[in-house]
Amino acid sequence: MQRNLESDPEAEANYYEPRRLALAAYNEVFERLHLDGLVYPAIQMPPPDETMPQDGRLSEGPHSDTSWVNMIGVPAVVVPGGFYPGGLPFGLELSAKPWHDGDLLGYAYSYEQATRHRHPPVLVESGLLPNAP
């Protein structure tokens, strides 16, 4: 059920407090370990190869690992991380402390310049995944 946070009597318990606790846990890791940022895969599994038949079903993936930063309100950016063995690209997400957006963009830019993983897409007639028709 959708509710308006401004008028929901349970908003503090169901939204604001959990968000504050999650942000505090996130920030505590940065302070305790003296970190500038975090790096992690942007998705849990390779994306489906849309050139392969889907048998009339909706895709079951990929499942994003990136929405949690949106929920706690910290800056994050996804950069090209490389390629799966079959040629499909994958992304890495970088996140930083709140209000360190400029630093984060600098990390992302430096990573992209050092790795040069960004390439134009390859147009294919058949799938890029192994055993593709």
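Scroll up to find the structure this text is about.
Residue positions are given per chain, counting from 1 as you read along its sequence in written order. Local features in a predicted model are, by the rule used here, given only for residues with pLDDT of at least 70; side-chain atom pairs are given and counted only at 80 or more, and totals for whole chains, interfaces and linings are based on all residues. Hydrogens are left out, water is left out, and the side-chain values use all remaining heavy atoms of the structure.

1. A closer look at the packing of aromatic side chains
Where two aromatic rings form a pair, the distance of their centres and the angle of their planes describe that pair.
1) Next: A pair of aromatic rings is counted whenever rings of Phe, Tyr or Trp (Trp by its six-membered ring) have centres within 6.5 Å, and the orientation is called stacked for planes under 30 degrees apart, edge-to-face for over 60 and tilted otherwise. Summed over all chains, the structure comprises five aromatic pairs.
2) Next: Ring centres 4.9 Å apart and planes at 80 degrees place the aromatic pair Tyr15 and Tyr16 in the edge-to-face group.
3) Next: The buried label goes to any residue with under 20% of its type's maximum accessible area, the exposed label to any with over 50%, and the partly exposed label to all in between, with areas taken from a 1.4 Å probe on protein chains only. The exposure class assigned to Tyr15 is partly exposed, which follows from its relative accessible area of 34%.
4) Next: Among the aromatic residues, ring-to-ring pairing joins Tyr26, Phe30, Tyr40 and Trp68 into one connected group.

2. Observations regarding the pairing of strand 3 (residues 89-96)
1) Next: Where burial is concerned, most of strand 3 is hidden: six out of the eight residues are buried.
2) Next: Bridge count for strand 1 (residues 37-41) against strand 3 is five bridges, and the pairing is antiparallel. Paired with Leu38 across the strands is Ser95, a residue of strand 3.
3) Next: Criterion used throughout: strands pair if DSSP finds at least two bridges between them. Elements are defined by DSSP. Helices are runs of H or I of four residues or more, strands are runs of E of two residues or more, and each kind is numbered from the N terminus. Both strand 2 (residues 76-83) and strand 3 contribute to a ladder of seven bridges, which runs antiparallel. Directly across from Phe83, in strand 3, lies its bridge partner Pro89.
4) Next: Here strand 2 folds back onto strand 3 in antiparallel fashion, the turn holding five residues, of which Gly87 has a positive phi close to 105 degrees.

3. A word on a nonpolar patch on the surface
1) Next: On the surface, Leu5, Tyr15 and Tyr16 cluster together into a nonpolar patch covering about 240 Å² of accessible area.
2) Next: Among the structural elements, Leu5 can be located in the segment before helix 1 (11-33).
3) Next: Given the relative accessible area of 31%, Leu5 is considered partly exposed. Patches here: salt-bridge-free residues with over 30% relative accessible area, like charges joined within 9 Å, nonpolar side chains (Val, Leu, Ile, Met, Phe, Trp, Tyr) joined within 5 Å. Computed by Shrake-Rupley with a 1.4 Å probe, the accessible areas treat only the displayed protein chains as cover when residues are assessed. By definition, a salt bridge exists where a carboxyl oxygen of Asp or Glu is found within 4 Å of a side-chain nitrogen of Lys or Arg.

4. Focus on helix 1
1) Next: By definition here, a helix of n residues has an expected span of 1.5 Å times n minus one. When the terminal C-alpha atoms of helix 1 are compared, their 32 Å separation across 23 residues agrees well with the 33 Å that a helix rising 1.5 Å per residue should span.
2) Next: Considering bend angle alone, the principal kink of helix 1 is centred on Glu17 and spans about 30 degrees; proline Pro18 follows within four residues of it.
3) Next: Where helix 1 is concerned, the buried positions are Ala11, Tyr26 and Phe30.
4) Next: In this analysis, two residues are considered to be in contact whenever any of their non-hydrogen atoms come within 4.5 Å of each other. Structurally, helix 1 contributes buried residues whose contacts are with strand 1, helix 2 (67-72) and strand 3.
5) Next: Positive backbone phi, at 55 degrees, marks His34, one or two positions downstream of helix 1. Bend at a residue means the angle formed by two fitted axes: the first through the 7 residues ending at that position, the second through the 7 residues beginning there.

5. What about the pattern of salt bridges?
1) Next: In this structure the tally under the stated criterion is five salt bridges.
2) Next: Between Glu28 and Arg32 there is a salt bridge; the shortest N-O distance is 2.7 Å. Residue Glu28 and its partner Arg32 are located together in helix 1, separated by four residues, close to a single helical turn.
3) Next: Counted as one network, the salt bridges with shared partners bring together Arg3, Asp8 and Glu10.

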